[in-house]
Amino acid sequence: SWSMENFVDKEIDRIRKMIGPNEHVIGAVSGGVDSTVAAKVLKEAIGDRFHAIMVDNGLLRLNEAEEVRQTLGEYLGIKLTVVDASEEFIGKLAGVTDPEKKRKIIGNTFIHVFEREAERIVSETSGKVEYLLQGTLYPDVIESISFKGPSQTIKTHHNVGGLLADMKLKLIEPLRELFKDEVRQLGELLGIEHSLVWRHPFPGPGLGIRVLGEVNKAQLEIARKADHIFISEIRAHGYYEQISQAFAALLPVKAVGVMGDKRTYEQVIALRAITTHDFMTADWFDGFSVAFLKKVSSRICNEVNGVNRVFYDISSKPPATVEME
Ligand code: XMP
């Protein structure tokens, strides 16, 4: 009979037999549940012949690259390279305000950086790099052979599929038969920490689409600090697992305020929290207490320089989307 234990044992065994003793596998990791579980399966199967690459695009949340280094690199023992490419990404985003252009730039830069890093690993490895790991799930497989969901056509989600053609790597997809809840179950079984297994999704373009309009370091810093306060308070108040996704976005407007006896003219943070089953439709989360909202608002205004107002987004999807860009 089918069980997760049998599934993973068979999968590890299959991979071990498939990858020759001198062959290596590379794969991108983000710190999200899919890529982490896929990476852990590879680590179990072939140890240090799996090379994980994390691209720090400068659009990550507070301490995120460091947390991935600790969790994947140290705790899970996965051979990991973290590439700091933030200057490259932020440089390319200068002056760009259109959301889809931002996505394209971020996606293309990601592929470029990943390929460069993969080539470095190829040149430093004595064996052959033959495979690329992808954390594809069953719904992704179905979607790519049947139809494209609305969010795929409205917003161009990026992945590293384009790499294959150039690098001639064979694809390895240990999660391709699993649904999201099964990936989580597998993650728990493989000893991945609960908070990572149950993490909200985070989009590939990261804070690049949560700083509305032009992206630069100062704006990213504001969005990052506000987001950290919001998510920390969500965790502290026990809301995290009632919510499907939550974040702070920095709006591209300024508003008047007052501080002491002085007029201020500063920026505006929008908080978004949603519940959903499949991300195709979503409701805004209506469970926050007034005390919670007061605390988050006053912390953001007091602790984040350059912000004098905080809004809560009460739009459902449709007609809104989860992300604001
Ligand atoms: P939307 O905004 O389309 O979001 O309602 C639905 C889900 O998709 C995520 N999202 C993205 N993920 N690259 C990604 O990897 C993207 O460009 C992207 N845009 C949206 C969003 O965070 C939500 O979980």
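Residues numbered from 1 in each chain as written. Predicted model: local features only at pLDDT ≥ 70, side-chain atom pairs only at ≥ 80, totals over all residues. Heavy atoms only, no water.

A.B. asks: Break down the overall build of the chain for me, with residues and values.
C.D. replies: The helix and strand tally for the chain stands at 12 helices and nine strands. In summary, the chain has a C-alpha radius of gyration of 21 Å against a globular reference of 20 Å for 325 residues, a match within 12%. By residue count, 50% of the 325 residues in the chain fall in the buried class. Restricting the contact set of the chain to residue pairs at least 6 apart, pairs at least 24 apart contribute 79%. Counting only carbon and sulfur atoms, one obtains 52% of the accessible surface of the chain, whose full area is about 15900 Å². (Helix = DSSP H or I, 4+ residues; strand = E, 2+ residues; numbered from the N terminus. Rg over C-alpha atoms; globule rule 2.2 N^0.38 Å. Buried < 20%, exposed > 50% of the residue type's maximum accessible area, 1.4 Å probe, protein only. Contact = heavy atoms within 4.5 Å. Areas by Shrake-Rupley, 256 points an atom, 1.4 Å probe, with all protein chains shown as cover.)

A.B. asks: How would you summarise the side chain of S86 if you had to cite specific residues and measurements?
C.D. replies: Secondary-structure assignment places S86 in helix α4 (residues 86–93). Leaving out residues up to four positions away in the same chain, S86 has contacts with D56, N57 and G58.

A.B. asks: Any chance you could break down the packing of aromatic side chains for me, citing the residues and the numbers?
C.D. replies: The geometry of an aromatic ring pair comes down to the distance between the two centres and the angle between the two planes. Scanning the entire structure with this criterion turns up 12 aromatic pairs. Consider the rings of W2 and F7, whose centres lie 5.7 Å apart with planes at 35°: the pair is tilted. Given the relative accessible area of 8%, F7 is considered buried. Judged by centre distance (5.0 Å) and plane angle (85°), the rings of Y239 and F288 are edge-to-face. (Phe/Tyr/Trp six-rings, centres within 6.5 Å; stacked < 30°, edge-to-face > 60°.)

A.B. asks: Before we move on, can you summarise a nonpolar patch on the surface with the specific residues and values?
C.D. replies: A grouping of Y138, I142 and F179 is seen on the molecular surface, where their side chains present a nonpolar patch of about 250 Å² in accessible area. Structurally, I142 can be placed in helix α6 (residues 138–145). (Patch = residues over 30% accessible without salt bridge, like charges linked within 9 Å, V, L, I, M, F, W, Y side chains within 5 Å. Salt bridge = Lys/Arg side-chain N within 4 Å of Asp/Glu carboxyl O.)

A.B. asks: Before we move on, could you go through the layout of surface pockets and cite the residues and values that matter?
C.D. replies: Empty space within the second largest pocket amounts to approximately 520 Å³. For the second largest pocket, the lining is made up of 22 residues, of which R61, L62, E67, R199 and R235 are closest to its centre. When contributions to the lining of the second largest pocket are tallied by element, the ones reaching two or more residues are α3 (64–75), α10 (194–197) and α11 (217–236). Split by residue class, the lining of the second largest pocket holds seven nonpolar, seven polar and eight charged. (1 Å grid on protein atoms, 1.4 Å probe; cavity = no way out; pocket = protein on both sides within 12 Å on 5 of 7 lines; lining within 4 Å. Points joined across faces, edges and corners; volume = space filled by probe spheres on them. Nonpolar A, V, L, I, M, F, W, Y, C, P; charged D, E, K, R; others polar.)

A.B. asks: Could you give an account of the UniProt feature "binding site: ATP" (unreviewed entry) in the chain, with specific residues and numbers?
C.D. replies: Residues annotated by UniProt as "binding site: ATP" (unreviewed entry) correspond here to S30, G31, G32, V33, D34, S35 and T36. The subset of the named residues that lines the second largest pocket consists of G31. G32 has contacts with L196 and R199, leaving out every residue within four places of it along the chain. Looking at where S35 falls in the secondary structure, it is placed in helix α2 (residues 33–46). Using a relative accessible area of 14% as the deciding quantity, one classes S35 as buried. In contact with S35, other than residues within four places in its own chain, are A28, V29 and S30. A polar contact of 3.0 Å, which involves the side chain of S35, links it to the backbone nitrogen of S30. (UniProt positions renumbered as here; feature names shortened; annotations may be inferred. Polar contact = N/O pair within 3.5 Å; in protein donor to acceptor, adjacent residues only side chain to side chain.)

A.B. asks: Describe the pattern of salt bridges, with residues and values.
C.D. replies: Any two side chains of opposite charge can pair, given that their charged atoms come close. Scanning the model with the defined rule gives 23 salt bridges in all. We note a salt bridge from E66 to R69, for which the minimum N-O separation is 3.3 Å. Taken together, the residues E66 and R69, both in helix α3 and three residues apart, mark about one turn of the helix. On the basis of relative accessible area, R69 is assigned to the partly exposed category, the value being 37%. Residues E323 and R210 are paired through a salt bridge, measuring 2.8 Å at the closest nitrogen-oxygen approach. Here E323, found in the segment after β9 (307–312), pairs with R210, found in the loop between α10 and α11; they are 113 residues apart in sequence, far enough to count as distant. A network of salt bridges, in which partner residues are shared, links E233, K295, R299 and E303.

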